[in-house]
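Understanding the architecture of this molecule
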Amino acid sequence: MVDVEELIDNDFLRQYELKIDNHLAKIEYSLQERKIFLTKLVIPNEINNDSFKKEFLAAVFDQIEERNLSIVPTSPEIARFVRSNRKYKRMLPVGVRI
């Protein structure tokens, strides 16, 4: 289970981080105007499973939504998550389809 209290937006390294049992899961991003480009998803093999991945991405997306930003997933894994979750498709900028 992902503890959203542990989710950190490391704006210096431009990545969302979540540390679990000495393993660091992260999503690298680039911020431009009111859009956040999600460029890379890195989850160590020791904690990589579908359940964790979905919870981690959902926690990151919820935090981005609170900041009122649009998302542009450039990572295939993140784009696949958005495609399978209608809730987050509304966060795409106008004209962007995945």
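If you're wondering where the values come from, they're calculated on a predicted model, not measured in any experiment.

Here we look at the sheet that holds strand β1 (residues 8–10)
- The strand order across the open sheet formed by five strands is β1-β2-β3-β4-β5, and the pairing between neighbours is mixed. Each end of this open sheet is capped by a strand with a single partner; those strands are β1 and β5 (70–73). Across the sheet, the mean angle separating the axes of adjacent strands is 30° when strand polarity is ignored.
- Across seven bridges, the pairing between strand β3 (residues 23–32) and strand β4 (residues 35–42) is antiparallel. Counted as the bridge partner of Tyr29 is Leu38 from β4.
- Each of β1, β2 (15–20), β3, β4 and β5 touches helix α1 (residues 50–66); the most contacted strand, β2, lies at about 135° to it.

A short note on unusual backbone geometry
- One non-glycine residue, Asp21, lies in the positive phi region at around 50°.
- Within the chain, Asn22 stands out as a residue other than glycine whose phi angle is a positive 65°.
- Considering the arrangement of structural elements, one finds Asn22 in the loop between β2 and β3.
- Given a relative accessible area of 72%, Asn22 falls into the exposed group.

Re the pairing of β3
- The sheet contact formed by β2 and β3 spans six bridges and is antiparallel. In the sheet register, Tyr16 faces β3, and the bridge partner there is Ile27.
- In this antiparallel pair of consecutive strands, β2 and β3, the connection spans two residues, and Asp21 shows a positive phi of 50°.
- Where β3 hands over to β4, the hairpin turn is made up of two residues, of which Glu33 adopts a positive phi near 50°.

Comments concerning the packing of aromatic side chains
- A complete count under the given rule lists five aromatic pairs for this structure.
- For the pair Phe61 and Phe81, a centre-to-centre distance of 5.4 Å together with 80° between the ring planes defines the contact as edge-to-face. Within this pair, whereas Phe61 is found in helix α1, its partner Phe81 is found in helix α2 (residues 76–84), the two being separated by 20 residues in sequence. Each of the two residues, Phe61 as well as Phe81, counts as buried.
- Both rings, one in Phe61 and one in Tyr88, keep their centres 5.0 Å apart while their planes meet at 75°; by these two values the pair is edge-to-face. With Phe61 in helix α1 and Tyr88 in helix α3 (residues 86–89), the pair connects residues that are 27 residues apart, well separated along the chain. Across the pair, exposure class does not vary: Phe61 and Tyr88 are buried alike.
- Counting every residue linked through ring pairs, the aromatic cluster contains Phe61, Phe81 and Tyr88.

Rules behind the numbers
Residues numbered from 1 in each chain as written. Predicted model: local features only at pLDDT ≥ 70, side-chain atom pairs only at ≥ 80, totals over all residues. Heavy atoms only, no water. Pairing = 2+ DSSP bridges. Helix = DSSP H or I, 4+ residues; strand = E, 2+ residues; numbered from the N terminus. Axes fitted to C-alpha atoms, helices over the stretch in contact; angles between N-to-C directions. Contact = heavy atoms within 4.5 Å. Buried < 20%, exposed > 50% of the residue type's maximum accessible area, 1.4 Å probe, protein only. Phe/Tyr/Trp six-rings, centres within 6.5 Å; stacked < 30°, edge-to-face > 60°.

On their own, these measurements won't tell you what the molecule is for.
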